[in-house]
Amino acid sequence: MRKRIVAGNWKMNTSQPEGIELVKSVIEKSIVVPKAIELVIIPPFTHLSEIVKLSKGTSVKVGAQNCAEWSKGAYTGEVSAAMISSIGATHVVIGHSERREFFNEDNKMLYRKIKQAHESNLIPIYCCGEKLKERESGNFFEVVEKQISESLFELSKEQMLQVVIAYEPVWAIGTGKNATSQQAQDMHAFIRFTLAKKFGKDIADSISILYGGSCKPSNAEEIFARPDVDGGLIGGASLVADDFITIAQSF
Ligand code: PGA
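Residues numbered from 1 in each chain as written. Predicted model: local features only at pLDDT ≥ 70, side-chain atom pairs only at ≥ 80, totals over all residues. Heavy atoms only, no water.

### Description of the packing of helix α7 (residues 140–152) against helix α9 (residues 181–199)
Here comes step 1: Between α7 and α9, whose axes approach to 10 Å, the crossing angle comes to 40°. By the angle between their directions, the pair α7 and α9 is classed as oblique. α7 and α9 meet at a crossing whose hand is right-handed. Contacts from Phe140, Phe141, Val144, Glu145, Ile148 and Leu152 of α7 reach α9 at Asp186, Met187, Phe190, Ile191, Thr194, Leu195, Lys197 and Phe199. (Axes fitted to C-alpha atoms, helices over the stretch in contact; angles between N-to-C directions. Helix = DSSP H or I, 4+ residues; strand = E, 2+ residues; numbered from the N terminus. Parallel < 35°, antiparallel > 145°, perpendicular 65-115°, else oblique. Left-handed = near helix turned anticlockwise from the far one by under 90°. Contact = heavy atoms within 4.5 Å.)

### Some points on the pattern of salt bridges
Here comes step 1: Per the stated rule, a full pass over the model turns up 16 salt bridges.
Here comes step 2: The salt bridge partner of lysine 146 is glutamate 150, with a shortest N-O separation of 2.8 Å. Pair noted here: lysine 146 and glutamate 150 are both in helix α7, with a separation of four residues, about one helical turn.
Here comes step 3: Relative accessible area serves as the criterion here: at 26%, glutamate 150 is assigned to the partly exposed category.
Here comes step 4: One network of salt bridges, in which partners are shared, links Arg2, Arg192, Asp228 and Asp230. (Salt bridge = Lys/Arg side-chain N within 4 Å of Asp/Glu carboxyl O. Buried < 20%, exposed > 50% of the residue type's maximum accessible area, 1.4 Å probe, protein only.)

### Let's talk about the site of the ligand
Here comes step 1: Surveying the vicinity of the ligand reveals 13 residues, the closest of which are Lys11, His96, Glu168, Gly174 and Ser214.
Here comes step 2: Histidine 96 is positioned with one of its side-chain polar atoms (N or O) 2.6 Å from an oxygen atom of the ligand.
Here comes step 3: Backbone polar atom of glycine 174 to an oxygen atom of the ligand: 2.7 Å apart, as the coordinates give it.
Here comes step 4: Protein burial of the ligand: of its 280 Å² of free accessible surface, 95% is covered by the chains.
Here comes step 5: Taken together, the residues that form the shell around the ligand break down as four nonpolar, seven polar and two charged. (Near = heavy atom within 4 Å. Polar contact = N/O pair within 3.5 Å; in protein donor to acceptor, adjacent residues only side chain to side chain. Areas by Shrake-Rupley, 256 points an atom, 1.4 Å probe, with all protein chains shown as cover. Nonpolar A, V, L, I, M, F, W, Y, C, P; charged D, E, K, R; others polar.)

### Quick notes on empty space enclosed by the protein
Here comes step 1: Here the structure, examined in full by the defined rule, presents one cavity of 30 Å³ or more.
Here comes step 2: Lining the largest cavity are Val33, Pro34, Lys35, Ile37, Leu39 and Ser59.
Here comes step 3: Tallied by class, the residues present in the lining of the largest cavity amount to four nonpolar, one polar and one charged. (1 Å grid on protein atoms, 1.4 Å probe; cavity = no way out; pocket = protein on both sides within 12 Å on 5 of 7 lines; lining within 4 Å. Points joined across faces, edges and corners; volume = space filled by probe spheres on them.)

### Some thoughts on helix α5 (residues 107–119)
Here comes step 1: With 13 residues, α5 ought to run about 18 Å at 1.5 Å a step, and its terminal C-alpha atoms sit 19 Å apart, in line with that.
Here comes step 2: Residues Asn107, Met109, Leu110, Tyr111, Lys113, Ile114, Gln116, Ala117 and His118 constitute the buried set of α5.
Here comes step 3: Residues of α5 that are buried in the fold lie against α3 (81–86), β4 (91–94), α4 (97–102), β5 (123–128), α7 and α8 (157–160).
Here comes step 4: One or two residues past the end of α5 sits asparagine 121, with phi positive at roughly 60°. (Expected span 1.5 Å × (residues − 1).)

### Side note on the layout of surface pockets
Here comes step 1: Roughly 380 Å³ of internal volume is contained in the largest pocket.
Here comes step 2: Lys11, Met12, Gln65, Arg99 and Phe103 are the residues nearest the centre of the largest pocket, which is lined by 14 residues in total.
Here comes step 3: Within the residue set of the lining of the largest pocket, elements represented by two or more residues are α2 (45–55) and α4.
Here comes step 4: Here the residues of the lining of the largest pocket are counted per class, giving six nonpolar, five polar and three charged.

### Some thoughts on the side chain of asparagine 9
Here comes step 1: By the secondary structure assignment, asparagine 9 is in strand β1 (residues 4–9).
Here comes step 2: Judged by its relative accessible area of 6%, asparagine 9 is buried.
Here comes step 3: There is a polar contact of 3.0 Å between the side chain of asparagine 9 and the backbone nitrogen of lysine 11.
Here comes step 4: Not counting residues within four places of it along the chain, the set of residues in contact with asparagine 9 comprises Ile42, Gln65, His96, Leu233, Ile234, Gly235 and Ser238.

### Describing the sheet that holds strand β8 (residues 231–234)
Here comes step 1: Strand order in the closed barrel formed by eight strands is β1-β2-β3-β4-β5-β6-β7-β8, with parallel pairing between adjacent strands. Between one strand axis and the next, the sheet turns by 30° as a mean value, whatever way the strands run.
Here comes step 2: Of the pairings in the sheet, the one linking β1 to β8 comprises four bridges and is parallel in character. Following the sheet pairing, valine 6 is matched in β8 by glycine 232.
Here comes step 3: Strands β2 (37–42) and β3 (60–64) of the sheet are contacted by α2, whose axis makes an angle of about 165° with β3. (Pairing = 2+ DSSP bridges.)

### Thoughts on helix α11 (residues 217–224)
Here comes step 1: Among the residues of α11, those classed as buried are Asn219, Ala220, Ile223 and Phe224. The arc that holds the buried residues of α11, viewed along the axis, is 125°, so those residues lie on one side. Turned more than 90 degrees away from the buried face of α11, the exposed residues are Ser218, Glu221 and Glu222.
Here comes step 2: Where α11 is buried, its residues touch β1, α9, β7 (209–212), β8 and α12 (241–248). (Arc of directions from axis to C-beta.)

Okay, structure coming up:
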């Protein structure tokens, strides 16, 4: 059975006090979410430590939005995977399309970040997905296959099992325009097929693949009902505790 995961990527939103209020509310409401669904809160770095403390003893896990591609040293402004792990966070988002676009992160760099995450026992949530132009020109499967192969194919089978994938079509992120459940299913099945060719079917069948891109209470149920969709990476809607919890209840 694959793990079902609903993760909330807050991006660069909320002051620390606002973030604490939000997470308290999510934790309080999370009792209605079946224990089999893993909830992960992904706040800004400045809130991580406090939010990890608040989530202790609850079913809510905490992750960072990014980590450095190096282990330590003279890299002003960077945060290492070891630092994130040392405060008790368990996950880290790697290669969000906003990082790829605004910070020029490429597939090979993301491979190095995944290695750093694994060395510090963090679960990377590796993001992939095509841009609007690539969707329209019809080569979106090739684009995602390249992202997957360049960032993940050098991992061992054991390491691959410690990765969560998030398919996030860039044209659906923050636009209010989600992929249809069929588009999501087709790409998730393709990603699983691509992983199966490299790592074998058993491993591919064990990896959770989340959908991200304008996922909200009104569309989560239909998207999550698809066989290869194992949950969601939620942006905007994760900033409202009730919406985030309703999405997590949508399986
Ligand atoms: P969105 O963002 O839900 O606001 O579209 C998703 C994401 O970027 O992870």
